[in-house]
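Structure assessment
Given next are the chains, with one letter for each unit.
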Amino acid sequence: MTRVYYVDAAIPSNRKKRRKEKTHVVFDGSRVFRIGKLTELENTSEIFVDTLFPEIYDEVLELLKKGVRAYLLKDTLKLKRVRIENNLRKSDENDAILLARIPIEKFRQLTIEEVEIKARIGPLIRKYRLIVRWKSTLKRLIKRGLNYNFEESVRLMEPDRTRISREIIRHVASLPIYGEVYRKACEILGVKNSVELAILVLELPLHLPLNGLKGLLGFTPSKNNRYHRKLRTHISNFATSLYMCVKKGVNVSSEVAEVVNRLPRRLALYKLQLMTLKALRTAYLATVKPLAGG
């Protein structure tokens, strides 16, 4: 007998860092239970998940290749609304149960091709970050007079950086929803072919409200000064590229040009980061609202 499962997905624990083990919470229509991997589900015909983390791509892919139909919630704000309507507190168990009350049209079906593409993008992004970080380090050493033929190393890195950037952009642009969000964000900001923007579209939880995204990236002061440093680096790099485009006379949106020409460099870069975040959120809402019925 085949079964349908509703899953509040979790990021698997990192045993090397000794974190508390994270498990997926599953509702099968009658009971709630926990599993370590989605592949532990038995006699599965369909699964409905709230979020698709990069860490569980392999689990979802294995199910898809076995013929299981997997559905992803189009907009996680829908889950929050249903929770409020039912006067329930937020918990993994409640969210798994509430997924079963959301109409199927609020989900979209995942394909093997899409998940495979996402699984391939992860290693590309990690390699891109590594190249950018080492290039930056070598350039700093060169400026300090410690040049052990580092200029040649920097030169040799550039073709790889360019190639990987193009691959990431191509993959993101080909994905359902993500590709449309990327194109709309590029249009708002007046840019083309930005790898930093493509990574932000893929990795930022754009379903969060703008204030939540600001907190995630460290724009909102916090007591412990914790924020997502990798994503903050991407948005900072993108703001710098916008700034340089204006200074070099490259066409961008009039709003971007106005900020660069009016404000001092440091303040302009900060403002451009906030504009980028707002553009991404706007592009996301413009994409998912029609899919979620407004």
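The structure reproduced in this document is the subject of the present report. Computed from a prediction, not measured in an experiment: that's the story for all the values here. The residue numbering used here restarts from 1 in each chain and proceeds along that chain's sequence as written. Under the rules for a predicted model, residues below a pLDDT of 70 receive no local features and side-chain atom pairs below 80 are neither given nor counted, while totals for whole chains, interfaces and linings still include all residues. Think of the side-chain values as coming from all heavy atoms in the structure, minus any hydrogens and water.

**Topic: the pairing of strand β1 (residues 3–8)**
Pairing analysis gives five bridges linking β1 to strand β4 (residues 44–49), with the strands arranged parallel. Looking across to β4, one finds that V4 is bridged to E46. We call two strands paired when DSSP finds no fewer than two bridges between them. What counts as a helix is a DSSP run of H or I of at least four residues, what counts as a strand is a run of E of at least two, and both are numbered from the N terminus. As defined by bridge partners, β1 adjoins strand β2 (residues 24–27) across three bridges and the pair is classed as antiparallel. Opposite V7, over in β2, you have V26 as the bridge partner.

**Notes on the sheet that holds β1**
The strand order across the open sheet formed by six strands is β3-β2-β1-β4-β5-β6, and the pairing between neighbours is mixed. The two strands at the open ends of the sheet, each matched to only one other strand, are β3 (32–35) and β6 (107–109). Mean inter-strand twist for the sheet, computed between neighbouring axes without regard to direction, equals 30 degrees. Note on method: axes are straight lines fitted to C-alpha atoms, helices fitted across the in-contact stretch only, with angles between N-to-C directions ranging 0 to 180 degrees.

**Concerning unusual backbone geometry**
Its identity is not glycine, yet N87 carries a phi of approximately 55 degrees, on the positive side. Looking at the secondary structure, you find N87 in the loop between α2 (77–85) and α3 (92–99). Classification of N87 by relative accessible area gives exposed; the value is 72%. With a 1.4 Å probe rolled over the protein chains alone, any residue whose accessible area is under 20% of its type maximum counts as buried; one over 50% counts as exposed, and the rest are partly exposed.

**Thoughts on the nonpolar core**
With 53 residues, the main nonpolar core has I168, L197, L204 and L272 as its most contacted residues. Mapped by element, the contributors of at least two residues to this core are α4 (112–143), α5 (150–174), α6 (178–189), α7 (195–203), α9 (229–247), α10 (254–262) and α11 (265–291). Residue contributions to this core peak at 10 residues, all from α11. Residues in contact with L204, not counting those within four places in the same chain, are I199, L213, L216, L217, L231, L277 and L280. Membership of the second largest hydrophobic core comes to 22 residues, among which are L38, V49, L64 and A70. Side-chain atoms within 4.5 Å link the members of a nonpolar core, which is a set of buried Ala, Val, Leu, Ile, Met, Phe, Trp, Tyr and Cys residues. Contacts are assigned to residue pairs that have any heavy atoms within 4.5 Å of one another.

**A word on the layout of surface pockets**
Of the pockets and cavities examined, the largest pocket occupies roughly 1,600 Å³. Cavities and pockets are found on a 1 Å grid laid over the protein atoms alone: a cavity is a set of points where a 1.4 Å probe fits but cannot escape, a pocket is an open set with protein on both sides within 12 Å along at least five of seven lines, and a lining residue has an atom within 4 Å of such a point. If you go around the largest pocket, you meet 49 residues; those closest to its centre are I11, L52, F53, P54 and E55. Breaking the lining of the largest pocket down by element, the ones donating at least two residues are α1 (57–65), β5 (69–73), α4, α6, α7, α9 and α11. Per-element tally for the lining of the largest pocket: the top contributor is α4, with eight residues. Any residue outside Ala, Val, Leu, Ile, Met, Phe, Trp, Tyr, Cys, Pro, Asp, Glu, Lys and Arg is labelled polar, Gly included; the first ten of those are nonpolar and the last four are charged. Within the lining of the largest pocket, the residues separate by chemical class into 26 nonpolar, seven polar and 16 charged. Grid points are joined across faces, edges and corners, and a volume is the space filled by probe spheres set on the points.

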